[in-house]
Amino acid sequence: RARPTAAVSVRAEISYIMVKPDGVQRGLVGDIISRFERKGYKLTGLKLYQTPREVAEEHYKDLSAKPFYKDLVNYILSGPVVCMVWEGKGVVATARKMIGATNPLASEPGTIRGDFAIEVGRNVIHGSDSPENGEREAGLWFKEGLVAWDQTMTPWLKE
Ligand code: UDP
Ligand code: MG
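Residues numbered from 1 in each chain as written. Chains lettered and ligands numbered in written order. Predicted model: local features only at pLDDT ≥ 70, side-chain atom pairs only at ≥ 80, totals over all residues. Heavy atoms only, no water.

Trainee: Could you give an account of the pattern of salt bridges, with specific residues and numbers?
Mentor: Side chains that differ in sign of charge can pair as their charged atoms come close. Following the criterion strictly, the structure yields seven salt bridges and no others. Here lysine 42 makes a salt bridge to glutamate 87, at a shortest N to O gap of 3.9 Å. One end of the pair, lysine 42, is in strand S2 (residues 42-49); the other, glutamate 87, is in strand S3 (residues 81-87), with 45 residues separating them in the sequence. Assessed through its relative accessible area of 16%, glutamate 87 is described here as buried. The residue glutamate 57 makes a salt bridge to arginine 53 at a minimum N-O spacing of 3.8 Å. Placement of both glutamate 57 and arginine 53 in helix H3 (residues 53-59) is noted, with a separation of four residues, approximately one turn of the helix. (Salt bridge = Lys/Arg side-chain N within 4 Å of Asp/Glu carboxyl O. Helix = DSSP H or I, 4+ residues; strand = E, 2+ residues; numbered from the N terminus. Buried < 20%, exposed > 50% of the residue type's maximum accessible area, 1.4 Å probe, protein only.)

Here is the structure:
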């Protein structure tokens, strides 16, 4: 009897990172991209995007029972967002640390929300909360696929 084939992951962990409409309006896109770029993660998806309602609803479907869900979806639809996928070791958890706590008043200074936000309903940025959701969200927001490329800097970043 054939054994089930083990799932082989050929690529490093990815996180779906999104500058929300307030971050775009406030001109924070460059600073935010810089932080991930300088950290050393690899960018494999990037676009400015006016979100279709179905995509916003699907993205936040786990929160659909929350009282803030309707306002949250409308917030995401209120202007263009910048969609990104960043790849590298531990990127999901590290990006969450770089982003800071959901409520910006609880986010440490030095984090993105800690530096740039006050209100939970205008907290500038999204980051995936697990590697599985990183894959799910990257697939939802980048139906056209990601860009596979080799960072020539890899030997300078990875031993
Ligand atoms: N949110 C909100 N009010 C709340 C909690 C969350 O408006 O009381 C919004 C906020 O924009 C947050 C998003 O819903 O970023 C998703 O919530 P989640 O708990 O997943 O926080 P995150 O993963 O973004 O830190
Ligand atoms: Mg979340």
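After that view of the structure, there is still more to cover.
Trainee: Any details on helix H5 (residues 91-99)? Residues and values, ideally.
Mentor: An α-helix turns once per 3.6 residues; consequently, residues spaced three or four apart project the same way. By the burial criterion, the buried members of H5 are Val91, Val92, Thr94, Ala95, Met98 and Ile99. Buried residues along H5 cover an arc of 165° about the axis, so they all sit on one side. The inward-facing, buried residues of H5 abut strand S1 (14-19), helix H2 (29-39), S3, helix H6 (112-116), strand S4 (125-127) and helix H7 (131-141). Glycine 100 sits one or two positions beyond H5 and adopts a positive phi of about 95°. (Arc of directions from axis to C-beta. Contact = heavy atoms within 4.5 Å.)

Trainee: Before we move on, can you summarise the sheet that holds S3 with the specific residues and values?
Mentor: Judged by pairing direction, the sheet is antiparallel, and its four strands sit side by side in the order S2-S3-S1-S4 without closing on themselves. Each edge of the sheet is formed by a strand with only one pairing partner; in this case those strands are S2 and S4. Averaged over all adjacent pairs, the angle separating strand axes in this sheet is 15°, with direction ignored. Pairing analysis gives three bridges linking S1 to S4, with the strands arranged antiparallel. Across the sheet, residue isoleucine 17 finds its bridge partner in S4, namely glycine 127. (Pairing = 2+ DSSP bridges. Axes fitted to C-alpha atoms, helices over the stretch in contact; angles between N-to-C directions.)

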